[in-house]
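# Summary of structural features
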Amino acid sequence: MRRLVRNTVLFTLTTVAVYLLLLFALGDWGWVRTARTEMGNRGFLNSRVKDIRNYHNVDVLFLGSSHSYRTFDTRFYRAQGLSCFNLGSSNQTPIQTYVLLKTYLDSLNPKFVVFEVHPDIMKNDGVECAVDLLINTPVTWEATKMAWHTGNMKVINTWLYSLYNQKIRHRLEHFVEDSVMDDAEYVAGGYVEINTKEFVRKRYSAHNLTIRPEQMEALKRCLGLLKERGIPYMLVEVQDAYQLRSAFKNHEWFEDKMKALGPYRYKILPLVDTVHFCNSNHLFKPGIELFNQDFIVDLKQALADNGILLTSSQTQTNSFTN
Amino acid sequence: MLFNSIEFMVFLPAVFAVYWLLHKRLEWQNAFVVAASYLFYGWWDWRFLLLIAFTTLCSYASGLAIGKAQSHPREGGLSPKFFLWGNIVLNLLILGAFKYYDFFVQSFADAFLGGKAEGMLLHAVLPVGISFYTFQALSYSIDVYRGTLKPTHNMMAFIAYVSFFPQLVAGPIERATSLLPQFERERRFSYPIAVDGLRQMLWGFFKKMVVADSCALYVDNIFEHPDWFNGASLLLAAVLFTIQIYGDFSGYSDIAIGCAKLFGIRLRRNFDVPYFSRDIAEFWRRWHISLTTWFRDYIYIPMGGSRVSKPRVVLNTMVIFLVSGLWHGANWTFVAWGLYHALLFLPLIVRGRNRKYRDVVATGRVLPSLRELGQMMLTFVLAVMGWILFRADSIEQALQYYSHMFSTLFDGTPTLTSNMDAWVVLVAVAVMTVVEWLNRGAEHEFQRQPRNRIVRWLLYTVLIFMIGAYMVTNEMPFIYFQF
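Residues take numbers from 1 onward in each chain, read along the sequence in its written order. Following the order in which they are written, the chains are lettered starting with A and the ligands numbered starting with 1. Reporting in this predicted model follows two pLDDT cut-offs: at least 70 for local features of residues, and 80 or more for side-chain atom pairs to be given and counted; totals over whole chains, interfaces and linings ignore these cut-offs and use all residues.

### As for the overall build of chain A
Labels follow the DSSP assignment, with helices taken as runs of H or I lasting at least four residues and strands as runs of E lasting at least two, numbered in each case from the N terminus. When helices and strands are counted, chain A shows 16 helices and eight strands. The reference for a compact globule is 2.2 Å times residues^0.38; the radius of gyration itself is calculated from the C-alpha atoms. Taking 322 residues into account, the globule formula puts the C-alpha radius of gyration at 20 Å, and chain A, at 21 Å, falls close to it. In terms of overall dimensions, chain A has C-alpha extents of about 70 × 50 × 40 Å along its principal axes. Here the contacts in chain A between residues at least 6 apart in sequence split such that 78% fall between residues at least 24 apart. By the convention adopted here, residues make contact when the C-beta atoms placed from their backbones lie within 7 Å.

This is the structure in structure tokens:
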């Protein structure tokens, strides 16, 4: 038995060394299926996190998935006199939102938070966003806890590779993400503009919505963090194209779950799938414009209700500098 | 609890450590095995524990009753046969209620009531591994009745025999004659056996998590919408499912057998390189050995086996294959799969050629002869065609699959999901084939290793890296859990 223990320890050390060597070497070539090793992508999280340095004490912080960063056009809200930042990222689930909040909430110090929620995101395992976050943002203690908590090999391998990439090679700080990728363009403040529309008609089978318990827990943790700091918030669901939305059999159930957590807004505007949507999940420019024009009314009301008064001078001096 | 889960990575070392700490107290050690096994099984749903406990206690009691009735026959008392059949009927009723009741009621309703069966169906959730542990419990009663085994009075050893966690949910289906005595005597830790067990587990994990699961990504996609793809894609999916089911099930068996070795327990071999078989009879001697030998010993031979008239041999063979098909699940596709193999097997058994290939292919040679290669390829193709029936959701879907596959076979090359997946499947299958070919005469498929320790360890670490770097990260349960 002693021999087994001794050899197991030795073998484990050897395995860890060989594993890391192979992961780092093959990861550079993109040959590891269970790791994301390439920085940057169309979600522009890398650019967004670097951009954050320019924003402090914003009026409104937008959080959520691509529904958030592709819908809440920060230029529009700025023109309306609100300083804001959009911290959405690809497939961002509340588990990753919590990590981002823990890391950036202090510096952004928002007066109000718009938290985008979506049924598809609430049932998501969060793996895609976790690897996006790990490879494109500095690995923090919160991110490390999140990575190990998922227990997913893709997340853990990406965490290992990111540590090597960031702490030994310092590649993250020197990496510059293109501001335009294919049809997507990063706009200062976190918004991403999509310039082409490829709406495809699809038939979705009717299905019941579900929520992962761990996502619900994480959402409550995020909201708890905001409440702790006295930051008012609003949960917002951005409408999907009719072809997708009509497949949700129990949306009222989802609405009830969200309403139980705080102010929740889900408003269906008279939009046309082929005109106002980029695809089933995302609005296109005309739809975004209509959505934001409608949403600003509710947002201003919510700000007023919470005693957040805006003046024109405030909008000019608010601290984004670019 | 799944073998390929984080929970199991914590569970196994903890159980291993406590188990060997208790090695001087056999009763305590067995009690600990039972507790660990029930924890392992209850991880899915604790309510199933009541069912397995009931099955175990019935079989234990029936063994004692059979033994007593045999050794002290009383006039007017119940016969051993009564207790045997009582236990068989009870176990089959439980199995039938959970696994087959809805299927037969629905089939009856489809045939005679226009499909209206609602209100008569149970919609019971199938308890994991019920077919495996039921057969294991039954073998005990039958062996006691036959006199090949004395009824045990050691209850804890018997519970451990039925519920031993490595093989509880998907086999190998053990015989009481082999496994029960191991729980009745002291086990000693053996370093070489433990290391061999770990090695076998490693190989099992590779086959399951890299080979089988990678194939599954492609297979699931194609079988979901076969009409979207051309014949070459469908053929590729059928071939990959053939590899997937082998990697999945033999991988599970390797993990189970290797894991048992860590506890000083020997389990029977379940797979013996079946795709290197030269005909279907050989394939069936090498595929799911613990089940086929169970059917052989407890159904086929009592029916007369092959020592009866030719028509009776044909009948016996048909019965055994149909039952074997149905054992896999309550669906006509499994029955059709059994029938398909019966039809392939019958010509061999009728002509007395079913035991022609009892040795390992190309014994003493590195490569097979051209004739052997042709025979293996033909057997493999026949297996592939059968697995389509097995994988399809219904007979209609299987027929459509065959029809679409053959009618569009030459309409282009297979559609690939991604280059990375194709590359991983190709390398993983090549590694598996080469390693298993080199180990085809060994006790298991990863037994023969380089003598040099550094080379050996390097091989293991590369294999571990392949699992970590190329596994499928979505949760992929073992296929045979559903049976």
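Read on for the rest.
### Topic: the nonpolar core
Most often, soluble globular proteins keep nonpolar side chains buried together rather than apart. Residue and element names in this part refer to chain B. Formed by 198 residues in total, the largest nonpolar core has its most connected members in Tyr-161, Cys-215 and Ala-237. At 17 residues, helix α10 (residues 231–262) tops the list of elements feeding residues into this core. Reported domain spans reflect what an automatic or database domain assignment gives. Counting contributing residues per domain, this core is built from domain 1 (6–188) and domain 2 (192–278 + 357–482), each supplying no fewer than three. The residues contacting Tyr-161, other than those within four sequence positions of it, are Ala-176, Leu-179, Leu-180 and Phe-183. A set of buried Ala, Val, Leu, Ile, Met, Phe, Trp, Tyr and Cys residues, joined through C-beta atoms within 7 Å, is what we mean by a nonpolar core. Any residue with 12 or fewer other C-beta atoms within 10 Å of its own C-beta is exposed, any with 20 or more is buried, and the rest are partly exposed; the C-beta atoms used are placed from the backbone.

### Describing the pairing of strand β1 (residues 60–63) of chain A
Residue and element names in this part refer to chain A. Both faces of β1 are covered, namely the face carrying Val-60 and Phe-62 and the face carrying Leu-61 and Leu-63. Strand pairing is assigned whenever DSSP identifies at least 2 bridges connecting the two strands. The pairing of β1 with strand β2 (residues 84–86) spans three bridges and is classified as parallel. The residue of β2 that forms the bridge with Leu-61 is Phe-85. Judged from the four bridges that link them, β1 and strand β3 (residues 112–116) form a sheet pairing that is parallel. Within the sheet, the bridge partner assigned to Leu-63 lies in β3 and is Phe-115.

### Examining the interface of chain B and chain A
Tallying the contact residues gives 16 residues for chain B and 19 residues for chain A. Counting only elements with at least two residues in the side of chain B that touches chain A, the list comes to α1 (6–21), α9 (191–224), α17 (419–438) and α18 (453–470) of chain B. Among the elements that make up the side of chain B that touches chain A, the one with the highest residue count is α18(B) (seven residues). Residue classes follow a fixed rule: Ala, Val, Leu, Ile, Met, Phe, Trp, Tyr, Cys and Pro count as nonpolar, while Asp, Glu, Lys and Arg count as charged, and any other residue, Gly among them, counts as polar. When the residues that make up the side of chain B that touches chain A are grouped by side-chain class, the tally is 13 nonpolar, three polar and no charged.

### Remarks on unusual backbone geometry
With phi around 50 degrees, Asn57(A) is a residue other than glycine that occupies positive phi space. Tracing the chain through its elements places Asn57(A) in the loop between α2 (45–51) and β1. Positive phi values are uncommon outside glycine, yet Ala362(B) reaches one of about 55 degrees. Classification of Ala362(B) by C-beta neighbours within 10 Å gives partly exposed; the count is 17.

### Remarks on the sheet that holds β3(A)
All names here are of chain A. On the basis of which strands lie adjacent, the open sheet formed by five strands has the order β2-β1-β3-β7-β8 and parallel pairing. Each edge of the open sheet is held by one strand with a lone partner, namely β2 and β8 (264–266). This sheet shows a mean twist of 20 degrees between the axes of neighbouring strands, independent of strand direction. Axis lines are fitted through C-alpha atoms, for helices just across the contact stretch, and the angle between N-to-C directions can take any value from 0 to 180 degrees.

### A few points about the packing of helix α4 (residues 80–112) of chain B against helix α5 (residues 130–146) of chain B
Residue and element names in this part refer to chain B. At their nearest, the axes of α4 and α5 sit 10 Å apart, and the two run at 175 degrees to each other. As summarised for this structure, α4 and α5 are arranged roughly antiparallel, according to the angle between their axes. Facing Pro-80, Leu-84, Asn-87, Ile-88, Asn-91, Leu-95, Phe-98 and Lys-99 of α4, the residues of α5 in contact are Ile-130, Ser-131, Thr-134, Ala-137, Leu-138, Ser-141, Ile-142 and Tyr-145. Should an angle fall under 35 degrees it is taken as roughly parallel, and over 145 as roughly antiparallel, whereas 65 to 115 is taken as roughly perpendicular and any remaining angle as oblique.

### So, the environment of Met155(B)
Inspection of the secondary structure puts Met155(B) in helix α6 (residues 155–163). According to the C-beta neighbour criterion, Met155(B) is partly exposed, with 15 such atoms within 10 Å.

### Points about the packing of α6(B) against helix α8 (residues 176–184) of chain B
Residue and element names in this part refer to chain B. Look at α6 against α8: their axes get within 9 Å of each other, and the N-to-C directions meet at 130 degrees. It follows that α6 is oblique to α8 by the angle criterion. α6 and α8 meet at a crossing whose hand is right-handed. Here α6 contributes Ala-157, Phe-158, Ala-160 and Tyr-161 to the contact with α8, which in turn contributes Ala-176, Leu-179, Leu-180, Phe-183 and Glu-184. Looking at the contact of α6 with α8 residue by residue, the class counts come to eight nonpolar, no polar and one charged. Crossing chirality is assigned from the near helix's rotation relative to the far helix, an anticlockwise turn below a right angle marking it left-handed and a clockwise turn marking it right-handed.

### A look at the domain arrangement of chain B
Residue and element names in this part refer to chain B. Here chain B is described as being made up of domain 1 (6–188) and domain 2 (192–278 + 357–482). Each of domain 1 and domain 2 has a C-alpha centre, and these two points are 29 Å apart. Taken together, the contact pairs 17 residues of domain 1 with 17 residues of domain 2. When contributions to the side of domain 1 that touches domain 2 are tallied by element, the ones reaching two or more residues are α1, α7 (165–168) and α8. Here the side of domain 1 that touches domain 2 takes three residues from α1, the largest share from any one element. Taken together, the residues of the side of domain 1 that touches domain 2 break down into ten nonpolar, four polar and three charged.

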